[in-house]
Amino acid sequence: MPEKILAIVLLLLARVAAIGQAAPSTPKTILIKAERMLDVRSGKYVSNAAILVENDRIKAAGSLADVQARAPKDASVIDLGAATLLPGLIDCHAHLLTAGTSIDPQETILNAAAGMSPTARVLLGAHNAREDLEGGFTSVRVVGHSGIDGDVSLREAIKAGWLSGPRIQAAARKLAPPGGQALHLNPAVADEIVHQEFLQMGSADEARKAVRENLLYGADLIKVVADDDNRFITPEEMKAIVEEAHRAKVKVAVHATTVTGIQAAVDAGVDSIEHGDDITDEQLKTMREKGIFFDITQLFFGGRLRTMVEKRMVLPPQLQQELKMYEHIDAKRTPALIQRILKSGVKFTAGSDMWFDYPGKTRGEATALMFGALKDAGMPAAEVIRAATVNAAQSLGWQDRVGTLEAGRFADIIAVAGDPLADVTELEHVQFVMKGGAVIKNAVEKK
Ligand SMILES: [Zn+2]
């Protein structure tokens, strides 16, 4: 009897195996044609270009003649005419689960952490994720202000196909000095609120614990606030964070604006510095040597902050004055910083830090303002585009998946109407978006 049962089981297993092998479904192939394609590595155009997409991946990309020769007869064709093809854009510094209506970060964090339910925040994140994707951002790194694990849930929902949105790397909660960031609250209730948004730590042991807690809730990377308001992560805490995160093979991105904060992060061997306002040339040099990325978040250069603020409110005299002061400093500091970054040879990426509800713009359109801002601050267009594609992919550790239009990468492809090397603000009006072989938006082909 047992032999008989065994025989039946084996027979069933053989059938299951046969079913597994039997029907190789025919791959879905799409041939995308366009007048130009940007090779982001060289910064040069391929004219009369095409990309062959098989299921969710790029099978071939190059000149139409070459690619067409490899396309099966029954491949469907998307003809984008005079458009320019580029890899899907990557935002290295997103905050999809906030939509601030004030330029005061305390107000925004407080509204989100104490005034919204986690459910509402994730729904807000879903809304922003769809708008980001439709704006051409096919991958984003969410670096905090997501509640305890809202960005993780959003990532999973998008992966499962419940929602339309970019590929997400989620940082969950920021690790921060006690009190978190930009929060001056009633001490009697502060802990409860801060805990929604930050993992507070006061020692190397607590730092290790905080990393492990974030990993437990599904974080892909660790985001640290190195400095805020004269409160700093100590060098010992930073080292502990990096050691614990790297042990788990996740990267560490650090909000650091002061020389002290940047130094602790660079010494500990983090993976990227976010913002980096007061960085010294010596620190840039060390970052280059260690391969640490500089994530440039100069979204509001060239009057863009004023435009946003004025769309929302009539500025009272005091705010007028503050804004003027900010613009005065920014007009000098940002172009100088961009030149120093370019000269240093440090690896750099573009991060929007878009945590606002920008009047009149979708989250994707608002995020794309960073391209014009970087260009106006003196970065050549080809470098701006690299910062949000090939460089960004490397910073995320996703260089074998996204960031270039090369065989084997995910078919994350966008197209713009004009010439983005001549006018990088074309990226504010992306006309065609494909993610993983699925067309998300096609405003080029009139159906
Ligand atoms: Zn940020």
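Just above, that's the structure.
Owing to the predicted nature of the structure, the values given are computational and were not obtained by experimental measurement.

Participant: Any chance you could explain the pattern of salt bridges here in plain terms?
Facilitator: Pairs can form between side chains of opposite charge once their charged atoms are near each other. One pass over the full model with this rule turns up 28 salt bridges. For the salt bridge of Arg-141 with Glu-274, the shortest nitrogen-to-oxygen distance reads 2.7 Å. Here Arg-141, found in strand S7 (residues 137-142), pairs with Glu-274, found in strand S15 (residues 272-275); they are 133 residues apart in sequence, far enough to count as distant. Exposure class is identical for Arg-141 and Glu-274. Each is buried. The closest approach of N and O atoms between Glu-406 and Arg-409, which form a salt bridge, is 2.8 Å. A relative accessible area of 27% places Glu-406 in the partly exposed class. Taking the relative accessible area as the measure of exposure, Arg-409 reaches 14% and is therefore buried. Connected through salt bridges with shared partners, the residues Arg-208, Arg-212, Glu-243, Glu-244 and Arg-247 form a single ionic network.

Participant: Teacher, can you tell me more about the layout of surface pockets here?
Facilitator: Here the idea is plain: a probe the size of a water molecule rolls over the atoms and shows the empty space left. Here the largest pocket defines a volume of roughly 1,300 Å³. Lining the largest pocket are 36 residues; nearest its centre among them are Pro-105, Asp-277, Tyr-326, Asp-353 and Trp-355. Counting residues per element, the lining of the largest pocket draws most heavily on helix H12 (residues 317-344), at nine residues. Considering only enclosed or pocket space, the second largest pocket measures out at about 250 Å³ in volume. In terms of lining residues, the second largest pocket is bounded by Arg-155, Ile-158, Lys-159, Pro-166, Arg-167, Ile-168, Asp-220, Trp-398, Arg-401, Phe-410 and Lys-435. The set of elements that each furnish at least two residues to the lining of the second largest pocket consists of helix H5 (150-159) and strand S8 (167-170). By residue number, the principal contributor to the lining of the second largest pocket is H5, which donates three residues. Its residues assigned to classes, the lining of the second largest pocket comprises five nonpolar, no polar and six charged.

Participant: Can you walk me through the coordination of the zinc ion in this structure?
Facilitator: For the zinc ion, every protein donor is listed as His-93 (NE2), His-95 (NE2) and Asp-353 (OD), and the spread of their distances is 2.1 to 2.3 Å. Here the donor residues of the zinc ion share one chain and are spaced in sequence as H-x1-H-x257-D. Of this pair, His-95 sits in the loop between strand S6 (89-94) and helix H3 (105-115) while Asp-353 sits in the loop between strand S17 (348-350) and helix H13 (363-367); the two residues are 258 residues apart in sequence, bridging distant segments of the chain. Asp-353 shares its class with His-95; the two are buried.

Participant: Before we go on, may I ask you to explain the environment of Ser-42 in this structure?
Facilitator: Here Ser-42 is to be found in the loop between strand S1 (29-39) and strand S2 (44-54). When the C-alpha atoms of Ser-42 and Ala-382 are compared, they prove to be 8.7 Å apart, with 340 residues separating the residues in sequence. Among the polar contacts listed, one links the side chain of Ser-42 to the backbone nitrogen of Lys-44, at a separation of 3.2 Å.

The rules we used
- Residues numbered from 1 in each chain as written.
- Predicted model: local features only at pLDDT ≥ 70, side-chain atom pairs only at ≥ 80, totals over all residues.
- Heavy atoms only, no water.
- Salt bridge = Lys/Arg side-chain N within 4 Å of Asp/Glu carboxyl O.
- Helix = DSSP H or I, 4+ residues; strand = E, 2+ residues; numbered from the N terminus.
- Buried < 20%, exposed > 50% of the residue type's maximum accessible area, 1.4 Å probe, protein only.
- 1 Å grid on protein atoms, 1.4 Å probe; cavity = no way out; pocket = protein on both sides within 12 Å on 5 of 7 lines; lining within 4 Å.
- Points joined across faces, edges and corners; volume = space filled by probe spheres on them.
- Nonpolar A, V, L, I, M, F, W, Y, C, P; charged D, E, K, R; others polar.
- Donors = N, O, S within 2.8 Å, 3.2 Å for Na, K, Ca; no water.
- Polar contact = N/O pair within 3.5 Å; in protein donor to acceptor, adjacent residues only side chain to side chain.

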